Amino acid sequence: MVKYIAKRILQFIPVFLGVTLILFIMQNVVPGDPIKLIAGERKLDPQVELNLRATHGFIETDADGKIIYDENGDTIDTPLWKRYVVYLTNLLQGNLGTSYQRGTEVTAIIAQKYPYTVQLALVAIVIEAIVGIGAGIISAIKRYSFWDILVTLVTSLLVAMPAFWFGMLLQLIFGIWLKDLTGGVIALPISGVAGPISKYPAWTYYILPACTLAAVSTAYTARIMRSQLLDVMNQDYIRTAKAKGLSKGAIIRKHALKNALIPVVTYVGMDFGAMLAGAILTETVFSWPGIGRETYIAITQRDWPIVMGTVTVIVCVVMIINLIVDVSYAFLDPRIRLGSSKNEG
Amino acid sequence: MIYPSPTQNIGMQAKAESTGAAKANAGDSSASRTLWGDAFGRLKKNKLAIIAAVWIIFIILVALTADLWVPQTLGDPTATAANMAESSRLAPSLEHPFGTDTLGRDVLSRVIYGARISLTVGVVATGISTILGLIMGAIAAYYGGIWDTIIMRLADIFLAFPYTLFVVAMIAVIGNGIQNVFIAIGILGWPSIARVFRSAILSVKENDYVDAARAMGASDVRIVARHIFPNSVASIVVYATMNIGGAILTESALSFLGMGVVPPNPSWGTLIQDGQQYLQTEPWLMILPGLAILSTVLAFTLLGDGLRDALDVKMKDA
């Protein structure tokens, strides 16, 4: 087990290097000079511009941060490979650089925004687990009943619709129509988070974005749960339990559910990792101040230090969650031997 | 959210990978019954898949012939109306079944024209990622060793990125516009196809007839093209069909974020984005384009499901 975990962590290294390298290349082929972008319409003072280039590592500086000039009195552009090495070194020291536009440290921005994404993901994963597993079980037990057909229909629709459109429908129904219908008495907030003077209790702000974030994966969870339970119910040991005279409820509770849940738990776990990556679309629709929206805004503003920082952190978090899920899989299912299993990422 | 791959075991049981080997057996059973004829026979019995196929064909026909009849009945989808103030954001009526947008354009005709862009993106982007994935998967599986390691690690790196973020970042680098949407979705989609094709090849490669072909002096390209590809084409067809729906969803997300198709060209995603600001007052502006996406993606999923079941020879014996 320890050997397996160590091997997996070693496998992180090439993926991590690859991800940062791709981001770094993207940053450097993107059109537009980032320093000119900081200035916007204004004309920057040449010395200020040089200092900015120096602080963001575009030109060579000495150990004290003084700009180095060549014999002609020109600045020396830092070669790409060197900037990448500097970036990686800083990264390992926990320094993700400074935002071009805002001048704040990227780590501070992440520390401010990430909690919102984590909170939303936690609420969403609870919804996904409860509703998805519940619907899947009902659907499997009452196969071909009205409920089964309803679950199949709803999951098919959820999987085929754009998540952001589903979010807008929720806003329309629970934020606007419900408000109009009840004369403004009952309604759910449709954007942002609770502030000091907000009309609604703080927890209500989580409901619609969390439902939107959970929608598609809840549908998949229900489908996986259903097919797994049906699969397990066909196994020999279930027939034995039936022959023993156990009731259907007891069979499902004591024998079937445990085994059927293993792949479901794995899926939900992996999905939690994916949610922690931030949800650009959900966060945009609901103006949720999380990491996904922040990264998206940074991309549109060409603020690459933020993009590199957030994506690096996100990728690490996702890899760690996936590792935890894989390891717990082995605990849940003794048939799995981790040493020989192939990592499918 | 994460989308489980269609060939993974998620209630739409993965049978695609076994179809390759199964097809080889089907071929010699009788001359009159080919795999595809057989599969079509089974597909015909699947009502949902047929409805889905009919819907897809209908949308394609509507999109193709839009120039012939849409302008006469519904007004130009891109030009702004002369009396803009009067015709701006009209509620649904007989003349405009889904109302008009801010510039007085008929929403239904814009959705019809949007079908062109959304379907094209779905098909072309899937085409690009499928071809890329096939090449990468073939190299990885056929040559193995260091090639396999490099390509599969590269796939890991691509898959480690949060998908939507990656596409958005890619568009930021190469700029928006429809061609770049093709490229971004196409390039980022190859790893999953490469994995499917790689494992399909690995299972076909074990067959004796591949050894026989090699012994007779067939070249690598010939073996892949004549023996391995035909035996894994079923899984590719299923996978690609389902991917079209995914590509349409991604395009709508990009356009919704303002990073996809550029106005005034209508795509279903841009239409939803346009409608978002009038959610309170004119909700129908975003409802119809969303329904168009929903029905089309659903149709591709159902057709993919149907094809997967129809092409699976094991099912016939059961």
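Just so you know, these numbers come straight off a predicted model, no measurement behind them.

Chemist: Got a minute to help me understand the overall build of chain A in this structure?
Modeler: From N to C terminus, chain A includes 13 helices and 0 strands. Its C-alpha radius of gyration of 26 Å places chain A more than 25% over the 20 Å reference for a compact globule of 345 residues. In terms of its C-alpha atoms, chain A occupies a principal-axis envelope of roughly 95 × 60 × 30 Å. Excluding contacts between residues fewer than 6 apart, the proportion of contacts in chain A whose partners are at least 24 apart in sequence is 67%.

Chemist: In this structure, what is going on with the overall build of chain B? I would like to understand it.
Modeler: Along its length, chain B carries 14 helices and 0 strands. Scanning chain B from its N terminus toward the C terminus, one meets helices and strands in the order α-α-α-α-α-α-α-α-α-α-α-α-α-α. When each of the 318 residues of chain B is scored for burial, the buried share is 48%. A separation of at least 24 residues holds for 71% of the contacts in chain B among residues at least 6 apart in sequence.

Chemist: I keep staring at unusual backbone geometry and nothing clicks. Help me out?
Modeler: Across residues other than glycine, the phi torsion is negative in most instances, and most of the peptide bonds are trans. All names here are of chain A. At Ser 287, a residue that is not glycine, the phi angle is positive and equals roughly 45 degrees. You can see Ser 287 is positioned in the loop between α11 (280–285) and α12 (291–300). One non-glycine residue, Arg 302, lies in positive phi territory at about 55 degrees. Within the secondary structure, Arg 302 sits in the loop between α12 and α13 (304–332).

Chemist: Whenever I open this one, the interface of chain B and chain A confuses me. Can you help?
Modeler: A common measure of how large an interface is: the accessible area buried when the components associate. Tallying the contact residues gives 36 residues for chain B and 47 residues for chain A. Of all elements in the fold, only α6 (145–160), α7 (163–174), α11 (220–256), α12 (268–276) and α13 (284–311) of chain B reach the threshold of two or more residues within the side of chain B that touches chain A. Of the residues forming the side of chain B that touches chain A, the biggest block, 7 residues, is contributed by α13 of chain B. For the side of chain B that touches chain A, the class distribution of residues is 26 nonpolar, 8 polar and 2 charged.

Chemist: Sorry, what's going on with the environment of Phe 58 of chain A here?
Modeler: Residues and elements named next belong to chain A. Relative to the elements of secondary structure, Phe 58 occurs in the loop between α3 (46–55) and α4 (80–92). The spatial distance from the C-alpha of Phe 58 to the C-alpha of Thr 75 is 9.9 Å, given a sequence separation of 17 residues. Beyond its immediate sequence surroundings of up to four residues, Phe 58 is in contact with Arg 53, Asp 77 and Thr 78.

Chemist: Before we go on, may I ask you to explain helix α5 (residues 107–143) of chain B in this structure?
Modeler: Every α-helix winds through 3.6 residues per turn, so residues three or four apart in the chain are directed the same way. All names here are of chain B. The end-to-end C-alpha distance of α5 is 52 Å, a good match for the 54 Å that 37 residues give at a rise of 1.5 Å each. Roughly 25 degrees is the biggest bend found in α5, and it falls at Gly 114. Of all the 37 residues making up α5, 26 are buried; the element is thus mostly covered by neighbouring parts of the structure.

Chemist: Can you walk me through the confidence of the model for chain A in this structure?
Modeler: As a note on interpretation, predicted positions should not be read in detail where pLDDT is low. Residues and elements named next belong to chain A. Across chain A, pLDDT averages 84, with 95% of residues at or above 70. Averaged pLDDT values for the elements of chain A fall to 70 in helix α2 (residues 34–39) and rise to 93 in helix α5 (residues 106–141). Confidence drops under a pLDDT of 50 for residues 340–345, and excluding neighbours within four residues, the segment shows 5 contacts in the predicted structure.

Chemist: So what exactly am I meant to see when it comes to the confidence of the model for chain B here?
Modeler: All names here are of chain B. With 80% of its residues at a pLDDT of 70 or more, chain B has an overall mean of 78. When the elements of chain B are averaged for pLDDT, helix α14 (residues 313–317) gives the smallest value, 34, and α5 the largest, 89. Below a pLDDT of 50 lies the segment residues 5–30, which in the model reaches 61 contacts outside its immediate sequence neighbourhood of four places, other chains included. The low-confidence segment residues 313–318, where pLDDT is below 50, has 8 contacts with residues more than four positions distant or belonging to other chains. With a pTM of 0.84, the predicted complex shows an ipTM of 0.84.

Chemist: Would you mind going over the packing of α5 of chain B against helix α9 (residues 190–205) of chain B with me for this structure?
Modeler: Between two packed helices, the angle of one axis relative to the other and the distance separating the axes together describe the packing. Residue and element names in this part refer to chain B. For the pair α5 and α9, the least separation of the axes is 7 Å and the interaxial angle reads 40 degrees. Accordingly, the angle class assigned to the pair α5 and α9 is oblique. The crossing of α5 and α9 is right-handed. Here Ser 129, Thr 130, Leu 132, Gly 133, Leu 134, Met 136, Gly 137, Ala 138, Ala 140, Ala 141 and Tyr 142 of α5 come into contact with α9, specifically with Trp 190, Ile 193, Ala 194, Arg 195, Phe 197, Arg 198, Ile 201, Leu 202 and Lys 205. In terms of residue class, the contact of α5 with α9 is made up of 13 nonpolar, 4 polar and 3 charged.

Chemist: Just to check I follow, could you spell out the environment of Val 151 of chain A for this structure?
Modeler: Residue and element names in this part refer to chain A. With respect to the helices, strands and loops of the structure, Val 151 is situated in helix α6 (residues 146–160). Distance from Val 151 to Ala 222, taken between C-alpha atoms, is 7.9 Å for residues 71 residues apart in sequence. In contact with Val 151, not counting residues within four places along its chain, are Ala 135, Ile 138, Ser 139 and Ala 222.

Chemist: Help me understand the packing of α5 of chain A against helix α8 (residues 204–233) of chain A in this model?
Modeler: Residues and elements named next belong to chain A. Where α5 meets α8, the axes come as close as 6 Å, and the angle between the chain directions of the two elements is 35 degrees. In this structure, α5 meets α8 at a crossing whose hand is right-handed. Broken down by class, the residue content of the contact of α5 with α8 amounts to 20 nonpolar, 6 polar and 3 charged.

Chemist: Explanation requested: the environment of Glu 49 of chain A in the structure shown.
Modeler: Residues and elements named next belong to chain A. Looking at the element boundaries, Glu 49 is found in helix α3. C-alpha of Glu 49 to C-alpha of Arg 8: the two residues are 41 residues apart in sequence and 44 Å apart in space. Ignoring any residue separated from it by four or fewer positions in sequence, one finds Glu 49 in contact with Ile 35 and Leu 44.

About the cut-offs
Residues numbered from 1 in each chain as written. Chains lettered and ligands numbered in written order. Predicted model: local features only at pLDDT ≥ 70, side-chain atom pairs only at ≥ 80, totals over all residues. Helix = DSSP H or I, 4+ residues; strand = E, 2+ residues; numbered from the N terminus. Rg over C-alpha atoms; globule rule 2.2 N^0.38 Å. Contact = placed C-beta atoms within 7 Å. Buried ≥ 20, exposed ≤ 12 C-beta atoms within 10 Å, placed from the backbone. Nonpolar A, V, L, I, M, F, W, Y, C, P; charged D, E, K, R; others polar. Expected span 1.5 Å × (residues − 1). Bend = angle between axes of the 7 residues up to and from the residue. pLDDT = per-residue confidence, 0-100. Axes fitted to C-alpha atoms, helices over the stretch in contact; angles between N-to-C directions. Parallel < 35°, antiparallel > 145°, perpendicular 65-115°, else oblique. Left-handed = near helix turned anticlockwise from the far one by under 90°.

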